[in-house]
Structures are given as C-alpha cells and as structure tokens.
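For reference, the chains in residue letters:
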Amino acid sequence: MSPQGRWSLRPVPAELEAHYVADGWWTGATLGASVAGWLAAAPGSTVNVHSRVHPSSGTYADIDAEARRLVGLLQAAGLQPGAVVAFQLPNWREAIVSFAALAMGGYVLVPIVHIYGRKEVAFILQQSGAQAYISPAAYGHVDYSAIIDQAAPASLELHIVVGEGAVTAPPAGLRRIAWSAVAEARPVGELPVVVADDVCVLAYTSGTTSDPKGVIHDHRTLLSELRHMGDWITPGKPNLMGSPVPHATGMIGAVLGPFSMGSDIHVIDRWDPGHALEVMLAHSIGGGTGASVFLAGLLDHPDFTPAHAAHMVQ
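This one's a predicted model, so the numbers in the text were calculated from it and none came from an experiment.

As a further point, take the packing of aromatic side chains. Centre-to-centre distance and the angle between the planes together describe a pair of aromatic rings. Going through the model one piece at a time under the given rule, you end up with five aromatic pairs. Ring centres 5.3 Å apart and planes at 85° place the aromatic pair Trp 92 and Tyr 139 in the edge-to-face group. With a gap of 47 residues between them, Trp 92 in the loop between strand S3 (84-87) and helix H5 (93-104) and Tyr 139 in the loop between strand S5 (132-136) and helix H7 (144-151) connect regions that are remote in the sequence. Across the pair, exposure class does not vary: Trp 92 and Tyr 139 are buried alike.

Put into structure tokens, the structure is as follows:
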C-alpha cells in the first residue's frame, strides 16, 4: 500500500474546512512548489552554516541546484514521488538541501533529530516504512551506519552518507553511497505534481513517554502552520537558529520561514554559546528561535557584551 493510502489525517468538518479556506489558511499550494518558488525568487540570499567541523556558505541558487541533483539521484535509484525518505543530520548545508529536495521531489519527509539513537531511529524507520535514509556515518555519540547495519527495516533500500567517515559495506539488500554522488547526478527540471491534501511530512516526537509518535502533516496543514508562525522570524535582521533542522522549530524557523521571506539563513550545528556570540557580532545577528536555554546561555556567558545586547534590541 502506498504511504498516501496508509496514512490519513483526521477528517475536518466541512464547515471548518470552508472557514480555513475562506480565511486563507488552507490553499491549494504544495510544499515542494512553494520551496522551489521561494528559492527562485531570491537566488542571491545566503545560507550560512556556522560549524567548527563542517562549515559552509552559499546561496539559495546553490541550494536549488544541489536539491535538484539529489532529487535526480533518488529518482534514478527508483524512488518515485510519495516514497518515504528519512534524513537525520545536524544543522549542515546537506540538511537544508535534503529538506528542499525531498519537498520538491514530492517525497514524504521523515526528519529525525540528529541526537536520536538506535532505539528511536530503528522504530521511526520501521514504522514509517522509510525507503531511503540520509545521515552522516557518525556524529557526536551516534553511529548512524551501525544503527542501519544492525536494525535496518526491510523497507530500506538506500542509505546516503554525508560528510567524513567510511562508507562501509551495508547489509544485504541495501545500497549505501556517499553524498558526493549527488554532484554527479542529473538534476531534475520539471518537478512532480502532487495534491495539497497528500501527506508531505511525518515528524516524530522524541518518545520521552514511550515510543516516538509520528505527527502527520499534509501540504495544507504544514503551510498553514508556517503562516501562523511567521512572526517567529525577526524581520529586518539576520536570525541564528540552534534548533535542529529536523525538529519542528528548526523546520519552520531555520528553513521554511526564511525561505518564504527570502531571508539569509544562519544555522549553528552545535549549541556553544561562546561560538554563537562570535557569530552574532561577525554577522550582525539580532534574533533567533528556540528553547529558552539558548537565550539563557547567551545572556549568562562571560563573553556577552553590550554590543551583543544592542543587536538583540528591536
């Protein structure tokens, strides 16, 4: 059974749906077409990854080109629109490219926060029926390749490995390739047509009370959430995101929010308040989104100065 036939959202009463449509919260827009349009509208806006180990800087045009190659690679591997693709990456360029590509390719995105270990990852991949998985070989305390080697579900066909680390031989029936293959892939031009009430994102909770729970979004619900949360992004000044791109706050605050406004993106892959303070002054950062611990870490740090405070004042 296809993912679209396997999952469904709770029926919405007709009068409530009509209200959402009339007020502009629900439209016929789709995530992939929206992302492609936003990237094309602001090709010179920048995407900046502040990392001690994997820094990068580029433009929306660069993200669009790499995303279209990733879609081409997935299509060449036999993954058609509607296939379930998981990605588990720190806040690196490849996380933003993966998000854009999976949206543009019409796949069901399964974003997994990079700190989740074997129990959570194995459960999420199994329950979602993921057919492809994008991750580093290892990062921090998590050995992602080992998780796949030991607990890959039968549905998994492809593992794309990002960054440094050996691309080891995978279990039988699974193909494992390096992200560098994306550069050799044929980029897609015309994007697949999808329907606004198809499932586009399956986002899992942390599983603190039991197994992770998959939160199902179709294109209408996710884009309406973006419209509701547009005020997360501080207008007129660069924002820095420490929340992971695969988390709900990072998905909106680090990717979709800035994309929708054509804003420069600044993300940091490991929350180090001292490093974040350096980035603030170097790039005139004045805002951000995340848990209160991020703000507290900045305000309490011995390197916090009046110059930092001035950037944070509206």
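Its identity is not glycine, yet Ser 284 carries a phi of approximately 55°, on the positive side. Looking at the element boundaries, Ser 284 is found in the loop between helix H11 (273-283) and helix H12 (292-299). With relative accessibility at 37%, the residue Ser 284 sits in the partly exposed group.

Over the atoms, a rolling probe the size of a water molecule traces out where space has been left empty. In this model, the largest pocket occupies a volume close to 520 Å³. When residues of the lining of the largest pocket are traced back to their parent elements, those giving at least two are helix H2 (14-22), strand S9 (214-218) and helix H9 (219-228). Among the residues forming the lining of the largest pocket, the class breakdown is 11 nonpolar, six polar and seven charged.

Overall, the coordinates contain eight salt bridges when judged by the stated rule. For Arg 52, the salt bridge identified is with Glu 278, shortest N-O distance 3.7 Å. Taken together, the residues span a long stretch of sequence, with Arg 52 in the loop between strand S1 (46-50) and strand S2 (56-59) and Glu 278 in helix H11 at a distance of 226 residues. One salt bridge connects Arg 93 with Glu 66, and the closest N-O pair in it is separated by 2.8 Å. One end of the pair, Arg 93, is in helix H5; the other, Glu 66, is in helix H4 (residues 60-76), and 27 residues separate them in sequence. Of the residues examined, Glu 66 reaches a relative accessible area of 17% and is grouped as buried. One continuous salt-bridge network, built from bridges that share partners, spans Glu 17, Asp 218 and Arg 220.

Quick notes on the rules
Residues numbered from 1 in each chain as written. Predicted model: local features only at pLDDT ≥ 70, side-chain atom pairs only at ≥ 80, totals over all residues. Heavy atoms only, no water. Phe/Tyr/Trp six-rings, centres within 6.5 Å; stacked < 30°, edge-to-face > 60°. Helix = DSSP H or I, 4+ residues; strand = E, 2+ residues; numbered from the N terminus. Buried < 20%, exposed > 50% of the residue type's maximum accessible area, 1.4 Å probe, protein only. 1 Å grid on protein atoms, 1.4 Å probe; cavity = no way out; pocket = protein on both sides within 12 Å on 5 of 7 lines; lining within 4 Å. Points joined across faces, edges and corners; volume = space filled by probe spheres on them. Nonpolar A, V, L, I, M, F, W, Y, C, P; charged D, E, K, R; others polar. Salt bridge = Lys/Arg side-chain N within 4 Å of Asp/Glu carboxyl O.

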